[in-house]
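# Structural characterization, general
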Amino acid sequence: MVELYVLLAAMIIAALVAIEIRDLLAAAVALGIVGFSVAIMFILLQAPDLAIVQIVVETLTVVFFAAVILRTTNVDGTISGAFRREMVFPAAVYGMFCVLFLIVVGRALAGLPSFGSPTMLVAGQYIALGLERTGAANVVAAIILDFRGYDTLGEATVLFTAVVGVLTIARRGGRKEKNGEDRS
Amino acid sequence: MRGMSPIVQVVARLLAGMLFLFGTYVVLHGHLTPGGGFAGGVLIAASFILMSLAFGSVAQTERNSYTFSSVVESLGGVLFVSLALAGYVGGAFFFQNAAVYGTGTPLRLISSGIILPANIAIGIKVGAGLFAVFLALGASRFVMKD
């Protein structure tokens, strides 16, 4: 599991670079590094379907970012390289959070089955106990609405967000102000 | 939006009811057979989309059903979250199911705790949401300008 620690450290460094670098194109590339590291991580954790989705989403995101940056500007004017005293406390908090994160993740990864042993422990439990625990004859319904209800809640939230986004962007006319001017 | 030819209208009138019925069936039997809220909701939305494509609609009707389906979509989401929160009522955790409501007799329609109402909530949400997206993307181009 050493490669996972290396990936995690690289992702933290790349995320910090993405925030702090002045060239926006380089920041987008750093963001891409974070996303593709997540994809590699999914492969290492034996979830290739998630890795494929992550690669597609990350590629699209980086392409969108690059397209927007190339059409506008690639200098982030809000970042200055000069040292300021009020940056010390946030930096210390960042550092402490990173160390804490790596410790927690290290303990979580220690509980994973070792490389080469079957990882489908949870799935076997779902299939074996699905009918008995939930009473649903369809094991898929038992999994998505009972064992993994949080997952479905997130999926419904994604759909809700998508609908709200489409309605916001595609709405014509918008609300009118009292004096007849279009606010949108 | 203008309607289509009489042939399309007759066939759409025959199909739309069956599509809606089949969507309702898929939603209600989600815990027994393949399918569930997402698949059934898409079928329900398809029946509405078929009707409005075949027969067309006027601007005011479309605007009303646009508002209505947005509201219904949000209500479906609220229903789903309150079903999840209902686990707290029985003194258990978020999304607690069988321990609070019992599993019922497997393979019966009324069984498996909150899975059936959760499927219904998701079906309402997906059906209304997709129809609202259709109205916003497809119809607004023609009629929602004013």
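Residues numbered from 1 in each chain as written. Chains lettered and ligands numbered in written order. Predicted model: local features only at pLDDT ≥ 70, side-chain atom pairs only at ≥ 80, totals over all residues.

The next thing to look at is the overall build of chain B. Within chain B, the secondary structure is distributed over 5 helices and 0 strands. Overall size of chain B, expressed as C-alpha extent along the three principal axes, is 55 × 30 × 15 Å. Relative to its full complement of 146 residues, chain B shows a buried share of 44%. Restricting to contacts in chain B with at least 6 residues of sequence separation, those with at least 24 account for 70%. (Helix = DSSP H or I, 4+ residues; strand = E, 2+ residues; numbered from the N terminus. Buried ≥ 20, exposed ≤ 12 C-beta atoms within 10 Å, placed from the backbone. Contact = placed C-beta atoms within 7 Å.)

With 36 residues of chain B at the interface, the matching set in chain A holds 24 residues. For the side of chain B that touches chain A, the secondary structure elements donating two or more residues are helix H3 (59-89) and helix H5 (115-143) of chain B. Among the elements that take part in the side of chain B that touches chain A, H5(B) stands out by supplying 12 residues, more than any other. A class-by-class count of the residues in the side of chain B that touches chain A yields 17 nonpolar, 15 polar and 4 charged. (Nonpolar A, V, L, I, M, F, W, Y, C, P; charged D, E, K, R; others polar.)

Bringing helix H7 (residues 149-170) of chain A into the picture now. Residues and elements named next belong to chain A. Between its terminal C-alpha atoms H7 stretches 31 Å, which fits the 32 Å expected from 22 residues at 1.5 Å a residue. For H7, the complete set of buried residues consists of Gly149, Thr152, Ala156, Leu159, Val163 and Leu167. Angular distribution of buried residues about the axis of H7 spans 85°; they occupy a single face of the element. Seen from the buried face of H7, the exposed residues on the opposite side, beyond 90 degrees, are Tyr150, Asp151, Gly154, Val158, Thr161, Ala162, Gly165, Thr168 and Ile169. (Expected span 1.5 Å × (residues − 1). Arc of directions from axis to C-beta.)

Right, let's talk about the packing of helix H2 (residues 24-44) of chain A against helix H3 (residues 48-71) of chain A for a bit. Residue and element names in this part refer to chain A. Between H2 and H3, whose axes approach to 8 Å, the crossing angle comes to 175°. Relative to H3, the element H2 is oriented roughly antiparallel. Taking contact as the criterion, the partners of Leu24, Leu25, Ala28, Leu31, Gly32, Gly35, Phe36, Val38, Ala39, Phe42 and Ile43 in H2 are, on H3, Pro48, Leu50, Ala51, Gln54, Ile55, Glu58, Thr61, Val62, Phe65, Ala66 and Ile69. For the contact of H2 with H3, the class distribution of residues is 17 nonpolar, 4 polar and 1 charged. (Axes fitted to C-alpha atoms, helices over the stretch in contact; angles between N-to-C directions. Parallel < 35°, antiparallel > 145°, perpendicular 65-115°, else oblique.)

Another point: the domain arrangement of chain A. By the assigned domains, chain A splits into domain 1 (1-76 + 91-111) and domain 2 (119-171). With centres defined by C-alpha atoms, the gap from domain 1 of chain A to domain 2 of chain A works out at 26 Å. (Domains from an automatic or database assignment.)

So, about the packing of helix H6 (residues 139-147) of chain A against H7(A). All names here are of chain A. The N-to-C vectors of H6 and H7 enclose an angle of 80°; their axes lie 5 Å apart at closest approach. Regarding the angle of H6 to H7, the classification is roughly perpendicular. The segment H6 lies against H7, with Ile144, Leu145 and Asp146 engaging Gly149, Asp151 and Thr152. By residue class, the composition of the contact of H6 with H7 is 2 nonpolar, 2 polar and 2 charged.

For the rest of this paragraph, the subject is the nonpolar core. Judged by nonpolar contacts, the single largest core of 42 residues is most densely connected at Ala45(B), Ala118(B), Phe131(B) and Ala132(B). At the level of secondary structure, the elements contributing two or more residues to this core comprise H6 and H7 of chain A together with helix H1 (6-28), helix H2 (37-55), H3 and H5 of chain B. With 16 residues, H5(B) is the largest single contributor of residues to this core. Apart from residues no more than four positions distant in its own chain, Phe131(B) is found in contact with Ala45(B), Phe48(B), Ile49(B) and Ser69(B). (Core = buried A, V, L, I, M, F, W, Y, C linked by C-beta atoms within 7 Å.)

As a further point, take the environment of Pro34(B). With respect to the helices, strands and loops of the structure, Pro34(B) is situated in the loop between H1 and H2. Apart from the residues lying within four places of it in its own chain, the contact partners of Pro34(B) are Asn138(A) and Val140(A).

Before going further, it helps to examine the confidence of the model for chain B. Residue and element names in this part refer to chain B. Here chain B averages 83 in pLDDT, while 91% of its residues score no lower than 70. The least confident element of chain B, judged by mean pLDDT, is helix H4 (residues 98-101) at 67; the most confident is H1 at 93. Overall, residues 142-146 carries pLDDT values under 50, and its contacts beyond four positions in sequence, including any with other chains, amount to 14 contacts. Interface confidence for the predicted complex, given as ipTM, is 0.79, next to a pTM of 0.71. (pLDDT = per-residue confidence, 0-100.)

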